[in-house]
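# Coordinate analysis (summary)
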Amino acid sequence: MRTNKRGSYMLESAISLPVFIIAVMVMSSVILMYACIEDCNFIAANELRRGAAECAIADTSISVPYRLKREIQGKHSKVASMRLTDSGIRTERWGVDELIAVSYDMTLETPNPIGINAKAGYELSLVTRAYVGRERDTGSMSADDFMDNDSIPVFIFPKRGEKYHSEGCGFLKAASRSGTLNASIKKKYKSCPLCRSGHATHGTLIYYFPSTGEDYHLPGCSSLQRNYIETDKATAIERGYTACSKCGG
C-alpha cells in the first residue's frame, strides 16, 4: 500500500485554509472594533474637556451629552447605537465636587467580506472636573499675604478636628494614605464593608491607614474623615483651628 504525501498535504490545505481565512476575517473585525473604541474615547475626552471649560460661563448639562453622541455617531459608521445611561454636570461624587460624568451603552458592528456581521457591546464612561475653581468661606488674600514668605506650614483635618498640627505630630500617623489597589494591598488589608471596596478592580484609587487600619477604602467612604491636608498657619487660625496641645502646632 502506497501513501501519497502530496495528496495528504493538499487535503490538509483544503481543510485548514478556509478556517484560516475565516479566522483572519474575524480578527480584522475585532481590530476595527478596538480602533473604533480608542477613537470614541478620544472624542469623548475632548468633548468633556471642552465642557469643563464652558461650565464657568454656561449650563452644559444638555449640550455636553448631545455633542458627544453627535460627534461619535457622525464620525463612526461602526457605532450602530448609543444610549445615555448616566449624566452629571457639576455634580458631587466620591467626595469630589464639580464633576462632569457621562456613561453610554454602545453597540458596535463591523461587517466583513464573508458576510458575517461582528457585533459587540461597549460601555463608555468618563469623568472629569469642571474648570470652575472652588468657593470658600474665607476672605480673599491681599498682595502682602500672598507674598508672605514667613508663612508656617501646618496640617489640619478638614472633616474631623479643631486643631492644627506640625509635621511629625503623632496624630498625623493615624491618618490615611492614598494608593492604587494591587495584590500587595489586598494581601495586607481587608475590604471595607461600608464602601464595599472588595468590588474594586486592580488599579483603582484606594485609601488605607498604615498605622491603625485593617481595611482599604474607596474615595468618599465615611471612614476617611481622618484625612489631613497641608495649609499655612495663618489660614488655619483664620478658619478657627487652634494649636495642638501635643505638638504645639
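The preceding data block contains the structure.
A brief look at the structure comes next. Note that the structure is predicted; figures quoted are calculated from it, not measured.

What the chain contains, in helices and strands, is five helices and 11 strands. Contacts spanning at least 24 positions in sequence make up 61% of the contacts within the chain whose residues lie at least 6 apart. Summing over all exposed atoms, the chain offers an accessible surface of approximately 16600 Å²; the carbon and sulfur share of this is 53%.

Direction of pairing for strand β1 (residues 79-93) relative to strand β2 (residues 96-111): antiparallel, over a ladder of 11 bridges. Bridging across to β2, Met-82 finds its partner in Met-106. Once β1 ends, the chain turns through two residues before running back antiparallel as β2, passing Trp-94 with a positive phi of about 55°.

What follows concerns the sheet that holds strand β5 (residues 163-165). Ordered by their spatial adjacency, four strands build an open sheet running β10-β4-β5-β11, and the pairing between neighbours is mixed. Two strands bound the open sheet, and with one partner strand each, they are β10 (229-232) and β11 (242-243). Here strand β4 (residues 153-156) pairs with β5 via two bridges, running antiparallel. The residue of β5 that forms the bridge with Ile-156 is Tyr-164.

What follows covers the side chain of Ser-103. Mapped onto the fold, Ser-103 is located in strand β2. What Ser-103 contacts, discounting residues up to four positions off in sequence, is Arg-83, Leu-84, Thr-85, Asp-86, Leu-124 and Ser-125.

Mapped onto the secondary structure, Val-102 falls in strand β2. Val-102 gets classed as buried once you look at its relative accessible area, which sits at 2%. A sequence separation of 38 residues divides Val-102 from Val-64, and the C-alpha atoms of the two residues are 8.9 Å apart.

Moving on, we get to the nonpolar core. Counting residues in hydrophobic clusters, the biggest one holds 24 residues, and the most contacted among them are Leu-68, Ile-72, Val-79, Met-106 and Leu-124. Taken together, the elements giving at least two residues each to this core come down to α1 (5-54), α2 (63-75), β1, β2 and β3 (117-129). Per element, the largest residue contribution to this core is eight residues, and it comes from α1. In this structure, Leu-124 is in contact with Cys-40, Asn-41, Ala-44, Leu-68, Ile-72, Val-102, Ser-103, Tyr-104 and Met-106, ignoring residues within four places of it in sequence. Membership of the second largest hydrophobic core comes to seven residues, among which are Ile-185, Tyr-189, Ile-206 and Tyr-208.

Let us now look at the pairing of strand β8 (residues 205-208). Here strand β6 (residues 177-180) runs beside β8; their pairing, made up of four bridges, is antiparallel. Counterpart to Thr-180 in the pairing with β8 is Leu-205. Examined bridge by bridge, β8 and strand β9 (residues 215-217) share two bridges and lie antiparallel to one another. By the bridge assignment, Tyr-208 is partnered in β9 with Tyr-216.

With that out of the way, let us pick up the pattern of salt bridges. What the rule picks out here adds up to eight salt bridges. A salt bridge links Arg-90 to Glu-98, with the shortest nitrogen-to-oxygen separation between them at 2.7 Å. Notably, a salt bridge pairs Arg-129 with Asp-97, separated by 2.7 Å at the nearest N-O pair. Of the two residues, Arg-129 sits in strand β3 while Asp-97 sits in strand β2, which places them 32 residues apart along the sequence.

A word on the environment of Asp-215. Inspection of the secondary structure puts Asp-215 in strand β9. The spatial distance from the C-alpha of Asp-215 to the C-alpha of Tyr-189 is 4.9 Å, given a sequence separation of 26 residues. Sequence-distant contacts of Asp-215, that is, excluding residues within four places in its chain, are made with Tyr-189, Lys-190, Ser-191, Cys-192, Pro-193, Tyr-207 and Tyr-208.

The strand order across the open sheet formed by four strands is β6-β8-β9-β7, and the pairing between neighbours is mixed. If you trace the sheet from one side to the other, it starts and ends with β6 and β7 (190-191), each paired once. Both β7 and β9 contribute to a ladder of two bridges, which runs parallel. The partner of Ser-191 across the bridge, within β9, is Tyr-216.

Calculation rules
Along each chain, the written sequence defines residue order, and numbers are assigned to residues from 1. Given that the model is predicted, a residue must reach a pLDDT of at least 70 before its local features are reported, and side-chain atom pairs must reach 80 or more before they are shown or counted; all residues, however, enter totals for whole chains, interfaces and linings. By convention in this description, side-chain values take in all heavy atoms of the structure and omit both hydrogens and water. By definition, any uninterrupted DSSP run of H or I lasting at least four residues is a helix, any uninterrupted run of E lasting at least two residues is a strand, and each is numbered from the N terminus. Any two residues having at least one pair of non-hydrogen atoms within 4.5 Å are treated as being in contact. All accessible areas in this document rest on Shrake-Rupley with a 1.4 Å probe, and a residue is counted as covered only by the protein chains that are shown. The criterion for strand pairing is that DSSP finds at least two bridges linking the strands in question. Using a 1.4 Å probe on the protein chains alone, a residue whose accessible area is under 20% of its type maximum counts as buried, one over 50% counts as exposed, and one in between counts as partly exposed. Throughout this description, the term nonpolar core refers to a set of buried Ala, Val, Leu, Ile, Met, Phe, Trp, Tyr and Cys residues connected via side-chain atoms within 4.5 Å. Definition used for salt bridges: Asp or Glu carboxyl oxygen within 4 Å of a side-chain nitrogen of Lys or Arg.

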